[in-house]
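Results of the structural survey
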Amino acid sequence: MKKILMSLFVAAMTMTVNAQVYVGGSIGVGSVKLGSNDAETTYKFVPEIGYNLNSDWAIGVAFGYQKGVCSLGKGNYDQDVDTELLQVSPYVRYTAVKSKLVNVFIDGGVGFGSYKDMGTQFQLGMRPGIAVNLNENISFVAHVGFVGFDSFSPKGDGDSSNNIGVDLDGNNVSFGLYFNF
């Protein structure tokens, strides 16, 4: 029995070393002032884990928590409210440009979010990004914008908001750090 457990442990360690797993994510802190109200601190925590299938393709998932002022929808239901957001976003990553120092990639995925006492959000689209390889094990990663479909469904009698398009403004940028194993 001990030999079997030891063999399984060694096999698991070998797979982990060769698996090209990465973990990381992003955090954010800000201050938002709505009208004549006092400024409020907002924060976001988005851990992420992924697996490199080969040198071009990877799969991963990001989990997020945000507290503070969030923008909900566009069009029929457009407002900034103080709330909490829980989200999960699985994705497939294609790395189009690779070099020793910089990788350019695009993430295609689905996002599900739930705003506390407000409603739910669904996203389907792509997010371009760049990874700066600081060394063999650490990468600085930035995502810029979103291209795709975004839907917000409020709780209660409110109208849903559906958007299709490109969102490449300066408010849709995230920075993070990855640790590659």
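The structure under discussion appears in the preceding block.
Numbers given to residues run from 1 along each chain, matching the order in which its sequence is written. In keeping with the model being predicted, local features are shown solely for residues with a pLDDT of at least 70 and side-chain atom pairs are shown and tallied solely at 80 or more, while totals for entire chains, interfaces and linings include all residues. The side-chain quantities take in all heavy atoms of the structure and omit both hydrogens and water.

**With respect to the overall build of the protein**
Helix and strand assignments follow DSSP, with helices taken as H or I runs no shorter than four residues and strands as E runs no shorter than two, numbered in order from the N terminus. When you go through the protein residue by residue, the secondary structure sums to one helix and 10 strands. Along the chain direction, N to C, the helices and strands of the protein fall in the order α-β-β-β-β-β-β-β-β-β-β. Burial classes: relative accessible area under 20% of the type maximum marks a residue as buried, over 50% as exposed, and values in between as partly exposed (1.4 Å probe, protein chains only). Within the protein, buried positions represent 31% of all 181 residues. Pairs at least 24 residues apart make up 52% of the contacts formed inside the protein by residues separated by at least 6 positions. Element-wise, carbon and sulfur atoms account for 62% of the exposed surface of the protein, whose accessible area totals about 11400 Å². Contact between two residues is taken to exist if any of their heavy atoms lie within 4.5 Å; hydrogens are not considered. Using the Shrake-Rupley algorithm and a 1.4 Å probe, accessible areas are obtained, with residue cover drawn only from the displayed protein chains.

**As for the pairing of strand β1 (residues 21-32)**
A pair of strands is labelled paired if DSSP reports no fewer than 2 bridges between them. Note: β1 against strand β2 (residues 40-52), 12 bridges, orientation antiparallel. Bridging across to β2, V23 finds its partner in I49. Sheet topology places β1 next to strand β10 (residues 173-180); four bridges connect them, and they run antiparallel. Note that in β10 the partner of V23 across the bridge is F179.

**Focus: the packing of aromatic side chains**
Centre-to-centre distance and the angle between the planes together describe a pair of aromatic rings. The pairing test for Phe, Tyr and Trp rings, Trp by its six-membered ring, is centres within 6.5 Å, and the orientation test on the planes gives stacked under 30 degrees, edge-to-face over 60, and tilted for anything in between. All chains considered together, the criterion is met by seven aromatic pairs. Seen from their ring centres, W57 and Y94 are 4.9 Å apart, and the 50 degrees between their planes marks the pair as tilted. With W57 in strand β3 (residues 57-72) and Y94 in strand β4 (residues 79-98), the pair connects residues that are 37 residues apart, well separated along the chain. Note on Y94: relative accessible area 32%, which makes it partly exposed.

**A short note on the environment of Y91**
Looking at where Y91 falls in the secondary structure, it is placed in strand β4. Since its relative accessible area comes to 9%, Y91 is described here as buried. As a C-alpha pair, Y91 and G109 span 18 residues in sequence and 4.0 Å in three-dimensional space. Sequence-distant contacts of Y91, defined by excluding residues within four places in its chain, comprise Y22, E48, I49, A58, I59, G60, V61, A62, D107, G108, G109 and Y178. In terms of polar contacts, Y91 uses its side chain to reach the side chain of Y22, at 2.9 Å. Polar contacts, as counted here, are pairs of nitrogen or oxygen atoms within 3.5 Å of one another; within protein the pair requires one atom able to donate a hydrogen and one able to accept it, and residues that are adjacent in sequence qualify only if both atoms are side-chain atoms. Within the structure, Y91 has its side chain in polar contact with the side chain of E48 (distance 2.4 Å).

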